[in-house]
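Coordinate inspection notes
Here is what each chain is made of, one letter per residue.
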Amino acid sequence: MCTMILERVAVSGAGKRPEGWFELSHASVTYDHPFHVRLEHALNIDFANEAAGPSGRLAVELEPDSARALAEAILQALERGEEAGV
């Protein structure tokens, strides 16, 4: 069953593909059927720049526990950077 769960957020940054770096405008986060990994549901993140068309996209599919671990690692790294004053 498709969940149709989607969160979209504006982001400022860059992504890298074989052709080189491209600017990002947003990220779409879904919890739904993945295209590649063999799971019933996964956390899917699409980093994109709509102005760049289909080639301006970087996709990630994560097993739910891996997604949680990544979210915790991101928050820890940000906290440590802020504590260090950088």
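Before reading on, note that the structure itself is shown above.
Structure report, in brief. For clarity, every value in this text was computed on a predicted model and none was experimentally measured.

Let us look at a nonpolar patch on the surface. Among the surface-exposed residues, Leu70, Ile74, Leu75 and Leu78 lie close enough to one another that they form a single nonpolar patch of about 380 Å² accessible area. When you line up the elements, Ile74 lands in helix α1 (residues 64-83). The class for Ile74 is partly exposed, based on a relative accessible area of 44%.

Right, let's get into α1. Here α1 is 20 residues long and its end C-alpha atoms lie 29 Å apart, about the 28 Å a rise of 1.5 Å per residue gives. Directly after α1, the chain includes Gly85, whose backbone phi takes a positive value near 75°.

Strand direction decides the pairing type here: strand β2 (residues 20-32) and strand β3 (residues 42-48), joined by 7 bridges, are antiparallel. When the sheet's bridge partners are listed, Ala27 is paired in β3 with Phe47. Pairing of β3 with strand β4 (residues 57-62), which is carried by 6 bridges, proceeds in the antiparallel orientation. Its bridge partner being in β4, Asn44 is matched across the sheet by Glu61.

For the structure on display, the rule yields 4 salt bridges. Between Arg17 and Glu19 there is a salt bridge, with its nearest N and O atoms 3.3 Å apart. Residue Arg17 is classed as partly exposed on the basis of its relative accessible area of 21%. Taking relative accessible area as the criterion, Glu19 reaches 64% and is therefore assigned exposed. Asp65 serves as the salt-bridge partner of Arg68, at 3.4 Å between the closest nitrogen and oxygen. In this pair, Arg68 and Asp65 both sit in helix α1, 3 residues apart, roughly one turn of the helix. Its relative accessible area of 53% is what places Arg68 among the exposed residues. Under the relative-accessibility criterion, Asp65 is labelled exposed at 52%.

What follows is about the environment of Ser25. Assignment of secondary structure puts Ser25 in strand β2. In this structure the C-alpha to C-alpha distance between Ser25 and Val9, which are 16 residues apart in sequence, comes to 8.8 Å.

Among the structural elements, Ala48 can be located in strand β3. A relative accessible area of 10% means that Ala48 is categorised as buried. Separated by 24 residues in the primary sequence, Ala48 and Leu24 have C-alpha atoms spaced 5.3 Å apart. If we ignore the near neighbours within four places in the chain, the residues touching Ala48 are Leu24, Ser25, His26, Gly56 and Arg57.

Criteria and thresholds
Residues numbered from 1 in each chain as written. Predicted model: local features only at pLDDT ≥ 70, side-chain atom pairs only at ≥ 80, totals over all residues. Heavy atoms only, no water. Patch = residues over 30% accessible without salt bridge, like charges linked within 9 Å, V, L, I, M, F, W, Y side chains within 5 Å. Areas by Shrake-Rupley, 256 points an atom, 1.4 Å probe, with all protein chains shown as cover. Salt bridge = Lys/Arg side-chain N within 4 Å of Asp/Glu carboxyl O. Helix = DSSP H or I, 4+ residues; strand = E, 2+ residues; numbered from the N terminus. Buried < 20%, exposed > 50% of the residue type's maximum accessible area, 1.4 Å probe, protein only. Expected span 1.5 Å × (residues − 1). Pairing = 2+ DSSP bridges. Contact = heavy atoms within 4.5 Å.

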